[in-house]
Amino acid sequence: MKEILMVFLALLLAGGISSAGAQESAPPPDTGTLVVTPAPAPPAPVTNLNAKDKPNDHGAGVVVTWTPSADDVVGSTRVFGYAILRAATPEGPFLERGKVPIGEGVFEDQGSLDEVSPDYMADHVDYYYKVRVISPDTTVYADSEIFGPVQCFGQWFNTNKLPVLIFVLCFTTLAIFFITHARRGAELYIRPLAGIEAVDEAIGRATEMGRPILYVLGLGTAAEIATIASFTILGRVAKKVAEYQTGIIVPCYDPIVMTVAQETVKASYLDAGRPDAYNEDMVYFVTQSQFAYVAAVNGTMLRELPATNIYMGKFFAESLILAETGALAGSIQIAGTDEVAQIPFFVVACDYTLIGEELYAASAYLGREPVLLGSLKAQDYAKAAIMIMAVIGFVAAIVGWDWYVNLFNVPSN
Amino acid sequence: MKRQIPLALVFIFGVILIIQYFVPHEKSEWIFEFLMDWIYIIGIFALALGIWSLIRVSWDKIRLRRENWQYSVVALLGLTAMIFFGFDYFRNFFNAAGLQNFMFRHFFDYVMIPIQSTMFSLLAFFIASASYRAFRARSLLASLLLLAALIVMIRFNPYFGPLTAYLEQTASWLLNVPNLAAKRAIVIGVGLGIVATALKVILGIERAYLGKD
Amino acid sequence: MSTARRTSLIILAAVIILFLVSWFAKFSAVQNTGAPFGISVRDGFYITLAAFCSLAIFSFLYKDNPYYKFAEHLFVGISAAYWMCVGFWSTFVGNFIPKVSRTLSDFFEVPFKSFDIFYFIPLILGILLLLRLSNKYGWLSRWSLAFIVGTTAGLNLIRYLRSDFISQVSNTFVPLVVDWEGIDAFFSDFSLAANGQFIMILGNWVVFIGVFCGLVYFFFSKEHKGFFGTASRVGVWVLMITFGASFGYTVMGRVSLLVGRLTFLFGDWLGLID
């Protein structure tokens, strides 16, 4: 009996130990208990938030600046970036205007002046800004204090363009000074220009050969400066042509250039005392298509066989075609253009070439008018000033005078 | 009156455009776009003037039976045909369907473009003939021109063996250094010339474009 | 009939026959691709026309001839009308009409934008320009011209001052010595590599001297004598090197234009190139 009782107690004891162990190894069944993990702390917000109208623009622009979050340090994973929010009232709703990466402390809120655009940003209207520090967990962020109201508006003077204004005023003053100086009778020297000196000789040659002169004003419009300079030269050439009783052919690319050229040539014939010799068909419009114009002028060169070809104005890829065809026709060729890319072709293919600025100087050289000579003097003084500025610039580049170099950095628009 | 008003207009609009550059305000931008639009619109009337001149000159040639008058007929026929197609055989005179007219497009694709491209390709022959005529070492300047052109032309030629790399570097240096220097000098001079001439035009000193009374 | 005239007629006959043969050949080639009869005839004609126009222009290289004259005059007439049509529809109807009249906008089937009375000013200026054709009132066209010239002069003055003057001067500010660490370091690290110190210093000096001497060359109001004359001569040398280099640089580009045309003739027309 005693033995059976002891076995029974041992069995009970063993069952109790095993059930206690099973209780420890297997969790009790889930009864809906909430497990709370501590939430990550939001990053530190930005400080010193400021917003002001974007300077030197047409409006619809605000520059927002701030001191980055204290948690925005190298190696930190608490800050992912910044979002800039804007609202029309301090109460909101705040809408995101853009994001910047970590380390940044400035954002340009650029809207549109177009009322129908979804990005429309009216001038002289209050805006309120705040900057949100974003963490990798998008539900965790920190907003700054609200800054505002701030208004945007267009400026009436772009201060970044002040150097250009200074140069314009200086050059204008210089030009007016020398023009006045020249008008008072001061002698102004101008160095010889081989291309222009050759014009008289070329017209004489044409007269002896009984062949006309071909004058090509280029592919510019009447408002191009090179074409305006060419009109002056055309006037002188036409006057000489009228005096020598030679023919002149002026095929035009632009209709307005044609009207001006007709007036210029007609006036030259009047000045030369030979109005009867003027024929309106001397100056005619061809077409406003580049290569159609070239095809027509080439044909004219080979049919009329002009003794002299004068190319003065704006030329492009067709410059070599014209010059080579003229050479084939056996003409003397004098060219002048301000298109830098075409000057090598004229230099190679023509007998005389006016390079760049020489085209503009040619009108002063031909007429010797005090006003034109005075302006040329002003240009030379401006070049001298450039050389001095360049020398100072070299020194500035070595010693690190960035302020001097920045004076010449002007925005393009 | 015949010259004073145009000179005043030149001055006024010249100064407006100069001031406009310095004023970033929206109204200034509006003025700029406005004036540019005006120039394009006036340009169409100028084009009409040019077409009239072309027709008149061609017609006079035909009427007076001048030399090569037959080709003026071709020019006028081409002009008329293109206008006819450009206005969609005058069926769609009042919309731009003519620009999509298949004959208009075919004349553009199969006459204008081939002739234009061929004219452009003539440059290959002319550049060779210009080189042949000009590249003679007659003087120091001509020799410099010739040498620089030769180095740049043959820089990618693999037949010079070990010299090829040096040629390439020399050509690259020529294009990036003295080329840059001279072009800069030319561009500065041209810029000054343009500024001076523009100033003379605005101030009424340069009046050649107005012609004479 | 003279020999020259007989020769011309024979050449003309040959050209016409060749044209017809080419047309037929191209028509067959297009039809073999499955195109309908009408399309084949049309495409065959146009490709042949394009090829003959190209050859007519190439014939100019031999000498002026009736085929070149024909192509030239055809090109002049067609191109003048083309730009007139495009200009009328895109600028006049596209840009002007929608800003002056809703009725006209509906008439020309373009969307009306808004009425702007100021757009009548370019209309008036344009009509004044057309008065150029009148002997009595032609002087009024100067008003339109004055507007265009004045506007462009003002625009060019500022644009070229900034881009061709100020920017160019600013770009000339390069240091005359680069990465200078003393004479010993200069000679010990001496190399002719393109990004080496020596080449960079040489380059900057050449740019400086080239710009300086080039500007001296363009001095007009001082005689080129003495130091000035020497600097001017150096400027001319630099200019000549530039012109030679620029000329050589464009040669390959020009040849590629010819390659393009020959590809059309041998490929699209004759079918000799795949």
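Residues numbered from 1 in each chain as written. Chains lettered and ligands numbered in written order. Predicted model: local features only at pLDDT ≥ 70, side-chain atom pairs only at ≥ 80, totals over all residues. Heavy atoms only, no water.

Focus: the overall build of chain C
Step number 1: Assigned secondary structure in chain C consists of nine helices and zero strands.
Step number 2: When the helices and strands of chain C are read in sequence order from the N terminus, they spell out α-α-α-α-α-α-α-α-α.
Step number 3: Taking 274 residues into account, the globule formula puts the C-alpha radius of gyration at 19 Å, and chain C, at 31 Å, lies well above it.
Step number 4: Looking at chain C as a whole, 51% of its 274 residues qualify as buried.
Step number 5: Considering only contacts in chain C between residues 6 or more positions apart, those separated by 24 or more positions represent 31%.
Step number 6: Carbon together with sulfur atoms contributes 69% to the accessible area of chain C, which is approximately 13,400 Å² in total. (Helix = DSSP H or I, 4+ residues; strand = E, 2+ residues; numbered from the N terminus. Rg over C-alpha atoms; globule rule 2.2 N^0.38 Å. Buried < 20%, exposed > 50% of the residue type's maximum accessible area, 1.4 Å probe, protein only. Contact = heavy atoms within 4.5 Å. Areas by Shrake-Rupley, 256 points an atom, 1.4 Å probe, with all protein chains shown as cover.)

Considerations on the interface of chain B and chain A
Quite often, the size of an interface is put as the accessible area lost when its parts meet.
Step number 1: Counting from both sides, the interface comprises 55 residues of chain B and, opposite them, 69 residues of chain A.
Step number 2: Buried surface at the junction of chain B and chain A, both sides included, amounts to about 5,300 Å², of which 73% is carbon and sulfur.
Step number 3: At the boundary of chain B with chain A, the tally comes to four salt bridges.
Step number 4: Between Asp281(A) and Arg66(B) there is a salt bridge whose closest N-O contact spans 3.9 Å.
Step number 5: For the pair chain B and chain A, the number of links is nine residue pairs in polar contact (both at pLDDT 80 or more).
Step number 6: With 16 residues, helix H7 (residues 178–202) of chain B is the largest single contributor of residues to the side of chain B that touches chain A.
Step number 7: Taken together, the residues of the side of chain B that touches chain A sort by class into 34 nonpolar, ten polar and eleven charged. (Buried area = accessible area lost by both parts, 1.4 Å probe. Salt bridge = Lys/Arg side-chain N within 4 Å of Asp/Glu carboxyl O. Polar contact = N/O pair within 3.5 Å; in protein donor to acceptor, adjacent residues only side chain to side chain. Nonpolar A, V, L, I, M, F, W, Y, C, P; charged D, E, K, R; others polar.)

Quick notes on helix H1 (residues 3–32) of chain C
Residue and element names in this part refer to chain C.
Step number 1: For H1, spanning 30 residues, the distance from its first C-alpha to its last is 43 Å, which sits close to the expected 44 Å at 1.5 Å a residue.
Step number 2: All buried positions along H1 are accounted for by Phe19, Ser22, Lys26, Phe27 and Val30.
Step number 3: On its buried side, H1 packs onto helix H2 (37–58) and helix H9 (226–269). (Expected span 1.5 Å × (residues − 1).)

Section: the sheet that holds strand E14 (residues 352–355) of chain A
Residues and elements named next belong to chain A.
Step number 1: A sheet is described by the order of its strands in space; here six strands give the open sequence E11-E10-E9-E12-E13-E14, paired in parallel fashion. The open sheet has two free edges, formed respectively by strand E11 (283–285) and E14, since each of these has just one partner strand. Averaged over neighbouring strand pairs, the angle between their axes works out to 15° when direction is ignored.
Step number 2: Here helix H4 (residues 225–244) sits on the sheet and contacts strand E9 (213–218), strand E10 (248–252) and strand E12 (308–314); the angle it forms with E9, its principal contact strand, is near 165°. (Pairing = 2+ DSSP bridges. Axes fitted to C-alpha atoms, helices over the stretch in contact; angles between N-to-C directions.)

Topic: the pairing of E9(A)
All names here are of chain A.
Step number 1: Buried residues dominate E9, accounting for six of its six residues.
Step number 2: In the sheet, E9 pairs with E10 via two bridges, with the strands oriented parallel. Residue pairing for E10: leucine 214 is matched across the bridge by isoleucine 249.
Step number 3: Read from E9 through H4 to E10, the crossover connection turns out right-handed.
Step number 4: The sheet contact formed by E9 and E12 spans five bridges and is parallel. (Right-handed = clockwise from strand over helix to strand, strands pointing away.)

Concerning the pattern of salt bridges
Step number 1: Enumeration over the complete set of coordinates arrives at 27 salt bridges over all chains.
Step number 2: In this structure, Lys130(A) engages Asp143(A) in a salt bridge whose closest nitrogen and oxygen atoms are separated by 3.2 Å. Remark: Asp143(A) occurs in strand E7 (residues 141–143) and Lys130(A) occurs in strand E6 (residues 127–134); sequence separation between them is 13 residues.
Step number 3: Since its relative accessible area comes to 13%, Lys130(A) is described here as buried.
Step number 4: With a closest N to O distance of 3.6 Å, Arg142(C) and Glu263(A) form a salt bridge. Of this pair, Arg142(C) sits in helix H6 (residues 141–171) while Glu263(A) sits in helix H5 (residues 255–271), which puts the two residues in different chains. As far as the burial class goes, Arg142(C) and Glu263(A) line up, both buried.
Step number 5: Through salt bridges with shared partners, a single network forms among Glu280(A), Asp281(A), Arg56(B), Asp60(B), Arg63(B) and Arg66(B).

Some words on a negative patch on the surface
Step number 1: A grouping of Asp114(A), Glu115(A), Glu26(B), Glu29(B) and Glu33(B) is seen on the molecular surface, where their side chains present a negatively charged patch.
Step number 2: Counting through the fold element by element, Glu33(B) comes out in helix H2 (residues 26–63).
Step number 3: The exposed category is assigned to Glu33(B), whose relative accessible area is 51%. (Patch = residues over 30% accessible without salt bridge, like charges linked within 9 Å, V, L, I, M, F, W, Y side chains within 5 Å. Lys, Arg positive; Asp, Glu negative; His and termini not counted. Charge placed at Lys NZ, Arg CZ, Asp CG, Glu CD.)

Remarks on the environment of Ile78(C)
Step number 1: You can see Ile78(C) is positioned in helix H3 (residues 66–96).
Step number 2: Ile78(C) sits 76 residues away from Ser2(C) along the chain, and the two C-alpha atoms are 34 Å apart.

What to know about the side chain of Lys69(C)
Step number 1: Along the chain, Lys69(C) falls in helix H3.
Step number 2: For the buried Lys69(C), no salt bridge exists, and the shortest N-O distance to an oppositely charged side chain is 4.2 Å, to Asp64(C).
Step number 3: Ignoring sequence-local partners within four residues, the contact set of Lys69(C) consists of Arg303(A), Asn68(B), Tyr71(B) and Asp64(C).

Some details on the interface of chain B and chain C
Step number 1: Residue-level contacts link 111 residues of chain B with 110 residues of chain C.
Step number 2: Taken over both partners, the interface formed by chain B and chain C buries close to 10,500 Å², and the fraction arising from carbon and sulfur atoms is 83%.
Step number 3: For the interface between chain B and chain C, the tally reads one salt bridge.
Step number 4: Its salt-bridge partner being Lys99(C), residue Asp37(B) comes within 3.6 Å of it at the nearest N-O pair.
Step number 5: Where chain B packs against chain C, one counts ten residue pairs in polar contact (both at pLDDT 80 or more).
Step number 6: Breaking the side of chain B that touches chain C down by element, the ones donating at least two residues are helix H1 (4–22), H2, helix H3 (69–86), helix H4 (102–134), helix H5 (140–153), helix H6 (163–176) and H7 of chain B.
Step number 7: When residues in the side of chain B that touches chain C are grouped by element, the largest group, 25 residues, is from H4(B).
Step number 8: Partitioning the side of chain B that touches chain C into residue classes produces 89 nonpolar, 14 polar and eight charged.

Details of unusual backbone geometry
When glycine is set aside, most residues are seen to have a negative phi, and most peptide bonds are trans.
All names here are of chain A.
Step number 1: Note that the residue after glycine 92, namely proline 93, is joined by a cis bond; omega there is 0°.
Step number 2: Note on placement: proline 93 falls in the loop between strand E3 (81–87) and strand E4 (95–101).
Step number 3: With an omega dihedral of 0°, the bond running from glycine 148 to proline 149 counts as a cis peptide bond.
Step number 4: Along the chain, proline 149 turns up in strand E8 (residues 147–150).
Step number 5: Even without a glycine there, the phi angle at leucine 305 is positive, about 50°.
Step number 6: Relative to the elements of secondary structure, leucine 305 occurs in the loop between helix H6 (290–304) and E12.

Function cannot be inferred from these measures alone, as they are strictly geometric.
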